[in-house]
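The primary structure of each chain is shown beneath.
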Amino acid sequence: MLARIIIGLGVSLICFAIAGRRFYWLSRLIRSGQPAPRRWQGFRKVSEAEVSEVAGQRKILRWTVPGLAHFFTMWGFTVLMLTIIEAYGSLFERSFHIP
């Protein structure tokens, strides 16, 4: 059990270091651009549209076969992410589960 936790934390540390380095690089790239003072006007409307189009796949479902394939692939990866979270949680507590 202890070896499993140590290996899991070691892999997590490596992954967070790689992700942190990439995040730092992306933040420097974003901050190098010009400021956009009107960027947050209408944020609520834009964010609601994004949620409905990403979660509901509204635009892509206009195509029949490719839209359905993309819809099931996107939700398949969402389910996969949840199972990976459960597997990671079971590293530390055997009875871990997402309710």
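Undergrad: Now, about the overall build of the chain: what can you tell me, with residues and values included?
TA: In terms of helices and strands, the chain carries 3 helices and 0 strands. Going residue by residue from the N terminus, the α and β elements of the chain occur as α-α-α. A compact globule built from 99 residues would reach a C-alpha radius of gyration of about 13 Å, whereas the chain, at 20 Å, exceeds it by more than 25%. Looking at the 99 residues of the chain, the share that counts as buried comes to 7%. Considering only intrachain contacts with a sequence separation of at least 6, the fraction spanning at least 24 residues in the chain is 34%. Summed over its atoms, the accessible surface of the chain is roughly 9000 Å², and 71% of this surface lies on carbon and sulfur atoms. Side-chain charges of the chain comprise 13 positive and 5 negative groups, with the mean position of each set lying 12 Å from the other.

Undergrad: Explain a nonpolar patch on the surface residue by residue, including any values.
TA: A cluster of nonpolar residues, Met 81, Leu 82, Ile 85, Phe 96 and Ile 98, forms a patch on the protein surface that exposes about 400 Å² of accessible area. Structurally, Ile 98 can be placed in the segment after α3 (65–92). Residue Ile 98 is classed as partly exposed on the basis of its relative accessible area of 34%.

Undergrad: So what's going on with the environment of Leu 29? Residues and values would help.
TA: Assignment of secondary structure puts Leu 29 in helix α1 (residues 2–31). Taking relative accessible area as the criterion, Leu 29 reaches 48% and is therefore assigned partly exposed. Taking the C-alpha atoms as reference points, Leu 29 and Ala 3, separated by 26 residues in sequence, lie 39 Å from one another.

Undergrad: Quick one: what's the story with the side chain of Ser 27, residue by residue and with numbers?
TA: Relative to the helices and strands, Ser 27 is located in helix α1. One polar contact links the side chain of Ser 27 to the main-chain carbonyl oxygen of Tyr 24, over a distance of 2.8 Å.

Undergrad: I'd like to hear about the pattern of salt bridges, residue by residue, with values.
TA: Scanning all chains against the criterion turns up 1 salt bridge. One salt bridge in this structure joins Glu 48 and Arg 44, with 3.2 Å as the shortest N-O distance. Highlighted residues: Glu 48 and Arg 44, both in helix α2 (residues 43–55), separated by 4 residues, approximately one helical turn. Here Glu 48 falls in the partly exposed class, since its relative accessible area comes to 45%.

Undergrad: Give me α2: which residues, what numbers.
TA: In a regular helix each residue adds 1.5 Å, so 13 residues correspond to 18 Å; α2 covers 18 Å between its end C-alpha atoms and thus fits that length. Looking at the residues trailing α2, positive phi occurs at Gln 57, about 55°.

Rules and cut-offs
Throughout this description, residue numbers start from 1 for each chain and increase along the sequence as written. Only residues with pLDDT of at least 70 are given local features in this predicted model, and only at 80 or more are side-chain atom pairs given and counted; all residues enter the totals for whole chains, interfaces and linings. Heavy atoms from the whole structure form the basis of all side-chain values; hydrogens and water molecules are not counted. Starting at the N terminus, helices and strands are each numbered in turn, a helix being any DSSP run of H or I of at least four residues and a strand any DSSP run of E of at least two. We compute the radius of gyration over the C-alpha atoms and compare it with the globule rule, which gives 2.2 Å times the number of residues raised to the power 0.38. For each residue, the accessible area found with a 1.4 Å probe, counting protein chains only, is set against the maximum for its type, and the residue is called buried under 20%, exposed over 50%, and partly exposed in between. Contact criterion: two residues are considered in contact whenever any of their non-hydrogen atoms come within 4.5 Å of each other. Calculation of accessible area relied on Shrake-Rupley with a 1.4 Å probe; when residues are assessed, cover is drawn exclusively from the protein chains displayed. The charge count includes Lys and Arg as positive and Asp and Glu as negative, but it does not include His or the ends of the chains. All charge positions are set by atom: Lys at NZ, Arg at CZ, Asp at CG, Glu at CD. Patches here are clusters of residues that have more than 30% relative accessible area and form no salt bridge, with a 9 Å joining cutoff for like charges and a 5 Å cutoff for nonpolar side chains (Val, Leu, Ile, Met, Phe, Trp, Tyr). The term salt bridge refers to a pairing of a side-chain nitrogen on Lys or Arg with a carboxyl oxygen on Asp or Glu at a separation within 4 Å. Polar contacts, as counted here, are pairs of nitrogen or oxygen atoms within 3.5 Å of one another; within protein the pair requires one atom able to donate a hydrogen and one able to accept it, and residues that are adjacent in sequence qualify only if both atoms are side-chain atoms. Every helix has an expected span of 1.5 Å times one less than the residues it contains.

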